[in-house]
Every structure is written in C-alpha cells, then in structure tokens.
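Remarks on the overall topology
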Amino acid sequence: MPDPAPQPSRVPAHVGIIMDGNGRWAEARGLPRLEGHRRGAERLIEVVDAAIDHGVRCLTLYAFSAENWRRPAEEVGGLFKLGEWVLRLHLSRLSKRRVRFRTIGDLTAMPEFIRIPIEEAVASSRDNTGFDLVIALNYGSRQEVTRAARSLAADAAAGRLDPAALDWETLASRLETAGLPDPDLIIRTSGECRLSNFLLLQAAYAEIVITPTYWPDFGAEAFAAALREFAGRERRFGMTGVQVRPTKPAP
Ligand code: FPP
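Given the structure is predicted, the values throughout are model-derived calculations rather than measurements. (Residues numbered from 1 in each chain as written. Predicted model: local features only at pLDDT ≥ 70, side-chain atom pairs only at ≥ 80, totals over all residues. Heavy atoms only, no water.)

What follows covers the sheet that holds strand β4 (residues 131-139). Overall, parallel pairing links the six strands, which are arranged β3-β4-β2-β1-β5-β6 in an open sheet. Because the sheet does not close on itself, it has two edges, and the strands there are β3 (99-104) and β6 (207-210). The sheet shows a mean angle of 20° between the axes of neighbouring strands, taken without regard to direction. Strand direction decides the pairing type here: strand β1 (residues 14-18) and strand β2 (residues 58-65), joined by five bridges, are parallel. Counted as the bridge partner of Ile-17 is Leu-61 from β2. Contacts between helix α2 (residues 33-54) and the sheet are confined to β1, β2, β3 and β4, with β2 contributing the most and set at about 160° to the helix. Against the sheet, helix α3 (residues 73-96) engages β2, β3 and β4, with an angle of about 155° to β3. (Pairing = 2+ DSSP bridges. Helix = DSSP H or I, 4+ residues; strand = E, 2+ residues; numbered from the N terminus. Axes fitted to C-alpha atoms, helices over the stretch in contact; angles between N-to-C directions. Contact = heavy atoms within 4.5 Å.)

Moving on: helix α5 (residues 141-157). Relative to the 24 Å expected for 17 residues at 1.5 Å per residue, α5 spans 24 Å between its end C-alpha atoms, a close match to the ideal helical length. Buried within α5 we find Ser-141, Glu-144, Ala-148, Leu-152 and Asp-155. The buried residues of α5 all sit within an arc of 70° when viewed along its axis, so they share a single face. Residues of α5 that are exposed and point over 90 degrees away from its buried face: Arg-142, Arg-150 and Ala-157. The secondary structure elements touched by the buried residues of α5 are β4 and α6 (168-174). Downstream of α5 by one or two residues, Gly-159 has phi in the positive range, about 80°. (Expected span 1.5 Å × (residues − 1). Buried < 20%, exposed > 50% of the residue type's maximum accessible area, 1.4 Å probe, protein only. Arc of directions from axis to C-beta.)

Here we take up the packing of aromatic side chains. According to the stated counting rule, one finds eight aromatic pairs in the structure shown. With centroids separated by 6.4 Å and ring planes inclined at 85°, the aromatic side chains of Tyr-139 and Phe-198 adopt a geometry described as edge-to-face. Of this pair, Tyr-139 sits in strand β4 while Phe-198 sits in the loop between β5 (185-188) and β6, placing them 59 residues apart in sequence. Neither residue differs from the other here; Tyr-139 and Phe-198 are each classed as buried. (Phe/Tyr/Trp six-rings, centres within 6.5 Å; stacked < 30°, edge-to-face > 60°.)

As for its placement among the helices and strands, Asp-132 is situated in strand β4. Look at Asp-132 and you get buried, because its relative accessible area is 12%. Discounting chain neighbours no more than four positions away, the residues touching Asp-132 are Arg-57, Cys-58, Leu-59, Arg-100 and Leu-180.

What follows covers the site of the ligand. Not every one of the 17 residues close to the ligand is listed here, only the nearest: Asp-20, Gly-23, Arg-24, Arg-33 and Arg-71. Arg-71 is positioned with one of its side-chain polar atoms (N or O) 2.7 Å from an oxygen atom of the ligand. When the ligand is considered free in solution it has 630 Å² of accessible area, and contact with the protein chains removes 90% of it. Of all elements in the fold, only α1 (22-28), α2 and α3 reach the threshold of two or more residues within the shell around the ligand. A total of four residues in the shell around the ligand trace back to one element, the largest contributor, which is α2. When grouped by side-chain class, the residues that make up the shell around the ligand number six nonpolar, seven polar and four charged. (Near = heavy atom within 4 Å. Polar contact = N/O pair within 3.5 Å; in protein donor to acceptor, adjacent residues only side chain to side chain. Areas by Shrake-Rupley, 256 points an atom, 1.4 Å probe, with all protein chains shown as cover. Nonpolar A, V, L, I, M, F, W, Y, C, P; charged D, E, K, R; others polar.)

By themselves these figures say nothing about function.
Printed below as a string of structure tokens:
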C-alpha cells in the first residue's frame, strides 16, 4: 500500500524535472535508445497526472536541452516525433484537466511538425487555470539569461531603462518563466547530481531530489516519494527557520 500523499501545505507549487536515463534504461535491456525515449514519453504523462492529483500547480519538464542537438540526427528526430505523438495522444484529456501548456526555450529552431502543434496547444489552453505544464524545448538557462540580458541592454540603450534601477524583479520579468512561481523542487532521475543548465536562476532556493531511478521507471509512486522527501526538508531561504518539516510537539 503506497504511503499517503504529503499534506497539501507541504506540496511544492512548482516542480521541475530533469528526465534522465532513457538511454541507459534501454541499453541495460539491449534495446535501441529510442525505445527508452518512447517509454520515457509514456512516463511523462503518468507524472503529469500524478502532479495534478497531488495538488502541484506547475510542472516544468526538461524535454530537450539546447545541448541535445549534439546527439545523432536520428535520435533527435525520433525524440521530436515522440514529443508530437505524446502531445497528440493526450492533448484533449489534459485540456479537460484544465492544463495550460507553456514552453520555455527557443522554439524557432524546432521542426514545424512539432513546433506548430505545441504552439496550438499553448494558444488553445491559454485560459485554462488548473495547472501549468511547461515544456522546456531547445532550452538552456544560460541562453535564456543571455536573451533576457540582450533585451534589457536594448531597453537601456534606447533610454527606456535606467541601468541603476535594474533589479531582480525586472530581470525575472524578462526570463521565459515570467509569471510562474520559482521551482520549489527540482527532481533529477538516473542518479546524476547536476543541474545541467536547467532553471539555474529560478532554482536558487529549490530543494533538489536526486533519485537513482532511470526516467522510464519513474512513475506516479516515485513522484509521490520525491514529494514526501521534499515535505521532510527544512527550507530556510537564508533565514534561521522557515520550516517545512513539522516541529516536534512540546514535551
Ligand atoms: C534523457 O535521457 C532524456 C531526454 C534527453 C529526453 C526526454 C524526452 C522525453 C521523455 C520524450 C519527450 C520528448 C520531447 C522532445 C517533447 P538520456 O538519453 O540522456 O539518457 P542517458 O543519459 O541514459 O543516455
């Protein structure tokens, strides 16, 4: 019998996931890497449903990094086809669950067969208010910050922005995550202990949960376990005691 879900007040508002280990999952079974990605794409939907069921408000999935273009063209093309397949299969059900789609990353380089359905999903779900599903595609945090810095510099050069008045809120408003809460929890599968250029500024105070499970084996129960680990952490935000962990009753 699975453990009970965490208390609603200790559920992270925003969870980011670095989905890793598809290739190793497939290689361990003597399967092609794309088979690991296919199984991973199915898991993605299971985890989205679990996040909604647990009361998480926003989930950001690192689906394709700006560095992933270095992979063989066949793998890159296969990943995009899987992305399009999984979106087509689940779009209407997720819309019924009031999911609002959003993307971060530079979509202009994506092939049309995936870019257009994603842009349509973003447009058609704009008024949904239940849950934000953010897909990071051709995303890299340094590239995102560079784009933001460029737009701020252009405003400063045109006299629309006083450089001395530039603060974090203004910079954050130019990031692609503008309007979303900062992630409270970042999960990385497959045991790697890196952020790999994912939401580097937004994750400044995020709790990080690393699980050895490869992404194709990471389902609803593993997600619930990560939420439980989060609920047991003490978050300080640089202070002495903003607590997530329940305080012991007085003796
Ligand atoms: C990491 O495994 C996973 C990815 C690079 C892709 C994750 C994407 C999906 C699950 C499908 C949805 C796709 C899109 C584009 C929307 P890895 O290949 O790095 O695993 P390894 O480190 O074991 O080799």
